[in-house]
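So you can see what is in the structure, the chains are spelled out below.
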Amino acid sequence: MRTRRQNLNIKQESSVKLEDVEDVKQESFHFNGNVFTDYQEMVDAKRKRNQDMLVSTGLLDACSSIRNNVKVEATVTSNRGLKADRKRKPESNLLRRKSSRLSGVKTPMLSVEHESGGRFKINIGDELKVVEIGSSAYMTEETEPQYFNNRVNDGTELTIKNAVKFSNPKWLKNNSVESAQKFVNEVLQQTCNITPVLSKERCSPITVAMDIGKGNRKGKDTSKSGLSSQLDCLSADSETFVAKVVPERIFSVALHPSPHKIIAVAGDKRGHIGFWDTAADSTSSTDGVHLFKPHGGCVTHLEWNKSGTKMLSASYDGGLRIFDLHKEKFNEIFATYDDSEEFKAKPGYGLDQGYRYWVQYACMADKNEDSLYLSTSAGSVLHVDLRSKAKVTFNEVFSNKKINTVSLHPNGHTLATAGNERMLQLWDIRKVQSKFTKKSTPKCSPVSTQIATGSINSAFFSPSGKYLLSTNLGDKIDILSDAHLESGHIKKPTHSIRHDNHTGRWLSTFMARWHPSITNEELFVVGSMQHPRTMEIFDGNQGKLLRGIQGNAISNVVSRCCFHSSSEKLIVMGGTSSGRVVVAQ
DNA sequence: CTGGTTATTAAGGCG
DNA sequence: CGCCTTCCATAACCAG
């Protein structure tokens, strides 16, 4: 908006200037019906008009009062969690990129030949010498990725020990491997051995009190219902609610389903996955944080299975892994490869199209780790069924542009895709599947579509299947009711909530996400650009904001959020672009 | 119509 | 504290 206005101003100015140039010849200047012989006089008159306008409309006062009120208190960044070990920082061979232009260095014939994953190949002058520069602080001069797409290994099994060791050494300690091993054995495994009590008490659902959607939450005593009091209680005020869990920007978050322990997981830009046992002994040096690096690129999705024994991780590097806490491995279950001869035996052979092709998103179909849906930057959607012989049961182009998320309706056959083509599309998977097996049928088309005014960051079906929730760059959060029953063009969302989704390129995009439990009220959580930094909880039925969580623990924009699966206690987590995780409970 | 350019965004690191 | 870098984003705009 500001940009547009600025551009407009520039345009107006420049057009005025052109007129002025004309006027110079006649040596008179026109403004507002008056003629000026002196250019400066005309400019002054114009400035006075503008100033009067600002004063008379009260804009100046409003601006200064807003500025005073909005003045953000400097937040103290938490020191909990991962701590950098300066001694371990690689010293001399560290190459940091510096701007030659800004430091006034004359450039020879420089050209960037190729850039990928932060690695540059630069041609210098006539020699065409290829230089690679590691952009990441810990990357040394060793260059060519050892494995396809910079993956951490060739797809063979990945032990806890190695997963820890692949992490950026700057954030590791001497005992990191042992403490991670201990965490898996003593915390994760034991938590999972206790039978969940969730299902038993699910029959007493908490209900939404109708009076809490009215903005400020004053009627505390009138609403005694479980949910509203829980919403009120949610707090992010304590320093113990935040920790640095991964070194870099968080792309994905997940909470372990155990009702006994709150274990938060976050995936970052470089392929790290950090676990945080929020109840860990505060005397421990890492505050219960354990770092692994099973991937070579952004970890775009993390998802636990129902029992909490396995966790799927998906990455831009094209690899999908399952962290199995009993096997104690981060094993690759599927990975894309190009059509090089050496990969012929791999199930993902020939999928990778090289330049600008990557796996954007992957998720389980109904928490089943054998059935996975993937979306790619090229607009294709794949279904990977590990039980089938071919593994890839379809690979179909659904869009001309990148698809950001896929979501399967609980009915098992309606798939929602959303992406940069500004379209939300619903597909009948059964038809796509049959098209893939019998190659005769024509191009498959979506059952229904909804057009958005900007790229769509995400679209998810609610756990009950009633709603479809999408977050788009037209600054809207849209809720569609019974979208899976629609056909053709969906004209209007049931609720359309204005929401600033303009995160820019340094922050992960917002994706509003549902509470995973099926209850009467369907809640969703989303990050926000608001000051002070906020996590927002909405009521999906009403499309209304129920609670904005703020507090000392939230010192950055929380880009990615999720709920704990417990239907008894509300627990929300969020991840920021500095690798910090907030848990509000 | 399309390929190229630029503004925008937040936060950590470094001097 | 102030400046610089980050960079697998998007959108709007502009030139060819």
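The sections below set out a description of the structure shown in this document. Computed from a predicted model, the values in this text were never measured in an experiment.

On to unusual backbone geometry, then. The general pattern is negative phi for most residues beyond glycine and trans for most peptide bonds. For the bond from His531 to Pro532, the omega torsion is -15 degrees, close enough to zero to count as cis. Secondary-structure assignment places Pro532 in the loop between strand E29 (523-527) and strand E30 (535-539). The residue Asp366 is not glycine, and still its phi comes out positive at about 50 degrees. Topologically, Asp366 is positioned in the loop between strand E15 (359-365) and strand E16 (368-376). The phi angle at Lys367 is positive, at roughly 60 degrees, despite the residue not being glycine. Assignment of secondary structure puts Lys367 in the loop between E15 and E16.

All chains considered together, the criterion is met by 11 salt bridges. Two residues, Arg80 and Asp287, come together in a salt bridge whose shortest N-O distance is 3.9 Å. In this pair, Arg80 sits in the loop between helix H3 (59-70) and strand E3 (110-116) while Asp287 sits in the loop between strand E9 (273-277) and strand E10 (289-292), placing the two residues 207 residues apart along the sequence. In this structure, the salt-bridge partner of Arg321 is Glu332, at a minimum N-O distance of 3.6 Å. In this pair, Arg321 is assigned in strand E13 (residues 319-324) and Glu332 in strand E14 (residues 329-335), connecting sequence segments 11 residues apart. For the pair shown, Arg321 and Glu332 are each scored as buried. What emerges from the salt-bridge pattern is a single network uniting Arg80, Lys83 and Asp287.

Bringing the sheet that holds E16 into the picture now. Pairing is antiparallel across the open sheet formed by 4 strands, whose spatial order is E15-E16-E17-E18. The open sheet has two edge strands, E15 and strand E18 (392-397), and neither has a second partner. Direction aside, the axes of adjacent strands within the sheet are offset by 15 degrees on average. Examined bridge by bridge, E16 and strand E17 (residues 380-385) share 5 bridges and lie antiparallel to one another. Following the sheet pairing, Leu372 is matched in E17 by Val384.

A separate point is the packing of aromatic side chains. The geometry of an aromatic ring pair is captured by two quantities: the separation of the ring centres and the angle between the planes. Summed over all chains, the structure comprises 18 aromatic pairs. Seen in terms of ring centroids, Phe398 and Trp427 are 3.6 Å apart; in terms of plane orientation they differ by 10 degrees. Their pairing is stacked. Taken as a pair, Phe398 in the loop between E18 and strand E19 (403-408) and Trp427 in strand E21 (residues 423-428) lie far apart in primary sequence, 29 residues in all. Between Phe524 and Phe538, the ring centres sit 5.1 Å apart and the planes meet at 10 degrees, which makes this aromatic pair stacked. Within this pair, whereas Phe524 is found in strand E29, its partner Phe538 is found in strand E30, the two being separated by 14 residues in sequence. Phe538 gets classed as buried once you look at its relative accessible area, which sits at 4%.

Turning our attention to helix H5 (residues 176-193). Given a rise of 1.5 Å per residue, 18 residues ought to cover 26 Å, and the 24 Å separating the end C-alpha atoms of H5 matches this to within 8%. Along H5, the sharpest kink reaches roughly 30 degrees, centred on Phe183. Here the buried face of H5 lies against helix H4 (160-165), strand E8 (263-268), E9, E10, strand E11 (299-304) and E13.

What follows is about the sheet that holds strand E24 (residues 467-472). One open sheet accounts for 4 strands, arranged E23-E24-E25-E27; its pairing is antiparallel. Both outer strands of the open sheet, strand E23 (456-461) and strand E27 (495-498), are each paired with one neighbouring strand and no more. Sheet twist, expressed as the mean angle between neighbouring strand axes with direction ignored, is 15 degrees. Alignment of strand E25 (residues 476-481) against E27, held across 4 bridges, turns out to be antiparallel. Its bridge partner lying in E27, Ile479 is registered against His495.

In this section: the environment of Asp338. Examined against the element boundaries, Asp338 turns out to sit in the loop between E14 and E15. Spatially, the C-alpha atom of Asp338 lies 39 Å from that of Ala243, the residues being 95 residues apart in sequence. Among all residues touching Asp338, those that are not within four sequence positions of it are Phe148, Phe343, Tyr349, Gly350 and Asp352. Within polar-contact distance, the side chain of Asp338 engages the side chain of Ser340 at 2.7 Å.

When you tally the buried positions in strand E7 (residues 250-255), you get 6 out of 6 residues, the bulk of the element. In the sheet, E7 pairs with E8 via 5 bridges, with the strands oriented antiparallel. Each residue of the ladder has a partner; that of Val253, found in E8, is Ala266.

Reading the values: rules and limits
Numbering of residues begins from 1 in every chain and follows the order in which that chain's sequence is written. Chain letters start at A and ligand numbers start at 1, both assigned in the order the entries are written. Residue-level local features of this predicted model are given only where pLDDT is at least 70; pairs of side-chain atoms are given and counted only at 80 or more, and the full residue set underlies all totals for whole chains, interfaces and linings. Here the side-chain values reflect all heavy atoms present in the structure, with hydrogen atoms and water set aside. The numbering of helices and of strands both runs from the N terminus, where a helix is a DSSP run of H or I of at least 4 residues and a strand a run of E of at least 2. Any carboxyl oxygen of Asp or Glu within 4 Å of a side-chain nitrogen of Lys or Arg constitutes a salt bridge here. Note on exposure labels: buried denotes an accessible area under 20% of the residue type's maximum, exposed denotes more than 50%, and partly exposed covers the range between, all computed with a 1.4 Å probe on protein chains only. Pairing between strands is defined by DSSP: at least two bridges between them are needed. Interaxial angle, 0 to 180 degrees, is taken between N-to-C directions of lines fitted to C-alpha atoms, where a helix line uses only the stretch in contact. Ring geometry is summarised as follows: Phe, Tyr and Trp rings, the Trp one being its six-membered ring, pair when their centres sit within 6.5 Å, and such pairs are stacked at plane angles under 30 degrees, edge-to-face over 60 and tilted between the two. Each residue after the first adds 1.5 Å to the expected span of a helix. Consider a residue and the seven residues that end there alongside the seven that start there; fitting an axis to each set, the bend is the angle between those axes. Working rule for contacts: check all heavy atoms of both residues, and any pair within 4.5 Å makes them a contact. Two N or O atoms form a polar contact when they lie within 3.5 Å of each other; inside protein one atom must be a possible hydrogen donor and the other a possible acceptor, and for residues adjacent in sequence the pair counts only when both atoms belong to side chains.

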